[in-house]
Amino acid sequence: MKLRSIVLGLAIGSFSLLSMAQQPIIIKFSHVVANDTPKGHAAEFFKKKAEELTKGRVKVEVYANSTLYKDKEEMEALQIGAVQMLAPSLAKFGPLGVKEFEVFDLPYIFDNYDELHKVTQGPVGRMLLDKLDAKGVKGLAYWDNGFKSFSANKDIKTPADLKGLKMRIQSSKVLEAQMRALGALPQVLAFSEVYQALQTGVVDGTENPISNLYTQKMHEVQKHLILTEHGYLGYAVITNKKFWDGLPADIRKQLEDAMEQATRYANQIAKQENDNALEAVKKSGKTQVYVPTVAERAAFKKATAKVHTEMESRIGKDLIHSIYKETGYNPAK
């Protein structure tokens with residue numbers, strides 16, 4: 001009888017261990033934009049590939065539109081392990097203490113995706129991601145969103161038209177300097193609060209890739225949009241370093257493969273999503289869309305060029321110039 005009890009106990013214990021071993025690893029992936037944005041689609045693509053490649057040993061739970069954490073809260077949640085994966089905009093790493101990422105906020109530092117990808121897919125981009133290790137964060141990849149343009153309830157065609165306007169920005173010293181260089185008044189607000197702030201007049205305008213403007217319905221409360229494409233908005237997909245390093249090696253490799261595929265997908269769809277969103281904004285009839293002339297765009301570039309010099313002491317002159325070398329940017333032009 002005693003032997004039967006021991007055997008039964010061992011069997012139950014083995015079954016419990018087996019059950020635990022078969023429990024999928026949960027990755028909570030939180031982000032602050034809508035599902036039908038480049039980042040939203042890419043997060044769902046990563047979920048699909050991660051679950052396929054690991055044969056169900058990993059389950060990815062995607063929480064879009066700030067349903068789990070707002071953008072001011074999510075970084076701390078990642079660091080304490082309450083969430084395992086984020087894709088914050090690159091402007092979020094300055095407040096984390098890695099100011100070098102603010103190089104991506106410099107106005108007109110990238111003229112197109114080809115120039116951008118020389119950095120994000122090259123050694124400079126990898127070097128920046130590696131700087132996150134010291135913060136308990138593992139940088140996995142860069143995902144494009146697109147190039148930002150200005151919207152407001154006032155017609156904007158020249159830098160002078162922005163003078164005195166309260167313009168929403170992310171928390172970034174570079175973006176503050178950019179707005180002040182244009183005579184605007186920078187207002188830091190969480191992304192989830194922008195629509196209401198525009199609707200109620202707390203702010204006059206903002207800057208966004210068109211997919212964000214459209215999916216958050218900001219075009220419904222903004223009368224004018226000028227396609228300045230003055231700055232890049234992208235994301236770094238990051239994970240809790242302790243969590244990542246603690247994964248079984250085979251699962252980590254499968255997740256790296258899933259992330260590589262999701263990154264290619266994200267960057268392929270980003271431009272198309274923004275092009276589609278622009279057509280939808282035009283069709284809505286709620287926002288007047290203006291395409292600046294070459295001379296008008298050059299005026300915005302000239303007005304903001306001093307921001308590069310002002311930020312050298314914050315971001316690092318060598319880093320800024322290493323990007324000039326990759327892209328061919330000439331601050332004198």
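Residues numbered from 1 in each chain as written. Predicted model: local features only at pLDDT ≥ 70, side-chain atom pairs only at ≥ 80, totals over all residues. Heavy atoms only, no water.

A. Up close: helix α6 (residues 123–130). Within α6 the residues assigned to the buried category are V124, G125, L128 and L129. In a view along the axis of α6, the buried residues occupy a sector of 135 degrees, so they form one face of it. Turning to α6, the residues buried within the fold contact α5 (113–120), β4 (137–152), β8 (224–240) and α15 (317–327). (Buried < 20%, exposed > 50% of the residue type's maximum accessible area, 1.4 Å probe, protein only. Helix = DSSP H or I, 4+ residues; strand = E, 2+ residues; numbered from the N terminus. Arc of directions from axis to C-beta. Contact = heavy atoms within 4.5 Å.)

B. Highlighting the environment of K217. Of note, K217 is situated in the loop between α9 (210–215) and β8. Residue classification places K217 among the partly exposed positions, given a relative accessible area of 45%. Once the C-alpha coordinates of K217 and V281 are considered, the two residues, 64 residues apart in sequence, prove to be 9.3 Å apart.

C. Representation of the pairing of β4 in the model. Within β4, 15 of the 16 residues are buried, which leaves it mostly tucked inside the rest of the structure. Pairing geometry for β4 and β8, over 13 bridges, is antiparallel. Along β8, the bridge assignment pairs A141 with V237. For β4 and strand β7 (residues 205–208), the ladder comprises four bridges, and the chain directions are antiparallel. Bridge pairing in β7 links S151 to T206. (Pairing = 2+ DSSP bridges.)

D. A look at the side chain of E115. Tracing the chain through its elements places E115 in helix α5. Of the buried charged residues, E115 lacks a salt bridge, with K118 as the closest side chain of opposite charge at 6.6 Å. A distance of 2.9 Å separates a polar side-chain atom of E115 from the backbone nitrogen of D111. When neighbours within four sequence positions are excluded, E115 is seen to be in contact with I109, F110 and T327. (Lys, Arg positive; Asp, Glu negative; His and termini not counted. Salt bridge = Lys/Arg side-chain N within 4 Å of Asp/Glu carboxyl O. Polar contact = N/O pair within 3.5 Å; in protein donor to acceptor, adjacent residues only side chain to side chain.)

E. Representation of the pairing of strand β1 (residues 25–30) within the structure. Two strands pair when backbone bridges link them, and β1 and strand β2 (residues 58–63) are joined in this way by six bridges, in the parallel orientation. Along β2, the bridge assignment pairs S30 with Y63. For the crossover that starts at β1, traverses helix α2 (residues 38–53) and ends in the parallel β2, the hand is right-handed. Across two bridges, the pairing between β1 and strand β3 (residues 85–86) is parallel. Each residue of the ladder has a partner; that of F29, found in β3, is M85. (Right-handed = clockwise from strand over helix to strand, strands pointing away.)

F. Representation of the pattern of salt bridges in the model. Under the counting rule described, the total for this entry stands at 16 salt bridges. In this structure, E102 engages R314 in a salt bridge whose closest nitrogen and oxygen atoms are separated by 2.6 Å. Of this pair, E102 sits in the loop between α4 (93–96) and α5 while R314 sits in helix α14 (residues 312–315), and the two are 212 residues apart along the sequence. We classify E102 as buried; its relative accessible area is 1%. On the basis of relative accessible area, R314 is assigned to the partly exposed category, the value being 26%. Connected via shared salt-bridge partners are K48, K49 and E52.

G. Local environment of the environment of K223. The topology assignment puts K223 in the loop between α9 and β8. Residue classification places K223 among the exposed positions, given a relative accessible area of 52%. Sequence spacing of K223 and K173 is 50 residues, and the spatial spacing of their C-alpha atoms is 27 Å. Beyond its immediate sequence surroundings of up to four residues, K223 is in contact with A152, N153, K286, T287 and Q288.

H. Empty space enclosed by the protein, seen in detail. Within the structure shown, the criterion is met by one cavity of 30 Å³ or more. In this model, the largest cavity occupies a volume close to 190 Å³. If you go around the largest cavity, you meet 19 residues; those closest to its centre are S89, K92, Q170, F191 and L233. Of the residues that constitute the lining of the largest cavity, the class distribution is eight nonpolar, four polar and seven charged. (1 Å grid on protein atoms, 1.4 Å probe; cavity = no way out; pocket = protein on both sides within 12 Å on 5 of 7 lines; lining within 4 Å. Points joined across faces, edges and corners; volume = space filled by probe spheres on them. Nonpolar A, V, L, I, M, F, W, Y, C, P; charged D, E, K, R; others polar.)

I. The nonpolar core, seen in detail. Counting 56 residues, the largest nonpolar core has F93, F101, V103 and F104 as the members making the most contacts within it. Once you skip the residues sitting within four places of it in the chain, V103 turns out to touch I109, L128, I315, L319, I320 and I323. By size, the runner-up hydrophobic cluster in this structure holds 43 residues, among which are L140, L213, M218 and L233. (Core = buried A, V, L, I, M, F, W, Y, C linked by side-chain atoms within 4.5 Å.)

J. Broad picture of the side chain of E296. Relative to the helices and strands, E296 resides in helix α12 (residues 294–304). When near neighbours in sequence (up to four residues on either side) are disregarded, E296 contacts K157 and Y290.

K. Layout of the confidence of the model for the protein chain. Summary statistics for the protein chain give a mean pLDDT of 91 and a share of 94% for residues scoring 70 or more. Taken element by element, the protein chain is modelled with least confidence in helix α1 (residues 2–22), mean pLDDT 45, and with most confidence in strand β9 (residues 288–290), mean pLDDT 98. Confidence drops under pLDDT 50 across residues 5–20; counting only partners more than four residues distant or on other chains, this segment forms zero contacts. (pLDDT = per-residue confidence, 0-100.)

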